[in-house]
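Reading the structure
Single-letter residue listing:
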Amino acid sequence: QVQLVESGGGLVQPGGSLRLSCAASGSIFSINAMGWYRQAPGKQRELVASIISDDSTYYGNSVKGRFTISRDNAWNRVNLQMNSLKPEDTAVYYCKITFRSSGYGPPSDYWGQGTQVTVSS
């Protein structure tokens, strides 16, 4: 079993900042990647940012230069610093982990429950 605990969502004014955090625990042998995705009402889920095992990072075009993803050394926690927030950033933000539970077999994906981010005046 894997657990992902997300925190840090909430209501913020345009131009403000929020920091999301995702803590992973459970039967994890190795982590290939962790990332944040978001889904706004009526829209498809999209990549916000991800970080992979070699510390390469990837960002959605709409958040480049405003959001920063980082992890702790133990790969237990991934953070998403969101600055210069806009109303169009309003969405439910989901943490995803790609991991192996043993040294064998392909990796698996696991999603968190999601945390609401609302950007509004």
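Heads up: the structure comes first, above all this text.
The sections below set out a description of the structure shown in this document. Here the structure is a predicted model, which means the values were calculated and not measured.

The rules behind the values
- Residues numbered from 1 in each chain as written.
- Predicted model: local features only at pLDDT ≥ 70, side-chain atom pairs only at ≥ 80, totals over all residues.
- Heavy atoms only, no water.
- Helix = DSSP H or I, 4+ residues; strand = E, 2+ residues; numbered from the N terminus.
- Polar contact = N/O pair within 3.5 Å; in protein donor to acceptor, adjacent residues only side chain to side chain.
- Contact = heavy atoms within 4.5 Å.
- Phe/Tyr/Trp six-rings, centres within 6.5 Å; stacked < 30°, edge-to-face > 60°.
- Buried < 20%, exposed > 50% of the residue type's maximum accessible area, 1.4 Å probe, protein only.
- Lys NZ or Arg CZ within 6 Å of the ring centre and 35° of its normal.
- Core = buried A, V, L, I, M, F, W, Y, C linked by side-chain atoms within 4.5 Å.
- Disulfide = S-S within 2.5 Å.

Following the sequence through the fold, Asp 89 ends up in the loop between strand E8 (77-82) and strand E9 (91-100). Only 2.9 Å separates the side chain of Asp 89 from the side chain of Arg 38, close enough to count as a polar contact. If near-sequence neighbours (up to four positions away) are discounted, Asp 89 is found in contact with Arg 38, Arg 66, Phe 67, Ser 84, Val 117 and Val 119.

Below, the discussion takes up the packing of aromatic side chains. Within this structure, the stated rule accounts for two aromatic pairs. Consider the rings of Tyr 94 and Trp 111, whose centres lie 6.5 Å apart with planes at 85°: the pair is edge-to-face. Of this pair, Tyr 94 sits in strand E9 while Trp 111 sits in strand E10 (residues 108-111), placing them 17 residues apart in sequence. Under the relative-accessibility criterion, Trp 111 is labelled partly exposed at 30%. Three or more aromatic residues link up through ring pairs in this structure, and these residues are Tyr 37, Tyr 94 and Trp 111. The ring of Tyr 94 is capped by Arg 45, whose NZ or CZ atom sits 3.8 Å from the centre of that ring.

Before going further, it helps to spend a moment on the nonpolar core. Soluble globular proteins: nonpolar side chains tend toward being buried together. With 29 residues, the main nonpolar core has Met 34, Trp 36, Leu 80, Met 82 and Tyr 93 as its most contacted residues. Counting residues per element, the ones that place at least two in this core are strand E1 (2-7), strand E3 (18-26), strand E4 (30-39), strand E5 (46-52), strand E7 (67-71), E8, E9 and strand E11 (115-119). When residues no more than four places from it in sequence are discounted, the contact partners of Met 82 are Gly 16, Ser 17, Leu 18, Leu 20, Arg 66, Phe 67, Tyr 93 and Val 117.

As used in these notes, a disulfide is a covalent bond between sulfur atoms, one from each of two cysteines. In this structure the tally under the stated criterion is one disulfide. Between the sulfur atoms of Cys 22 and its disulfide mate Cys 95 the distance is 2.1 Å. The chirality of the disulfide connecting Cys 22 with Cys 95 is left-handed, given an S-S dihedral of about -85°. In this pair, Cys 22 sits in strand E3 while Cys 95 sits in strand E9, placing the two residues 73 residues apart along the sequence. Each member of the pair, Cys 22 as well as Cys 95, carries the same accessibility label: buried.

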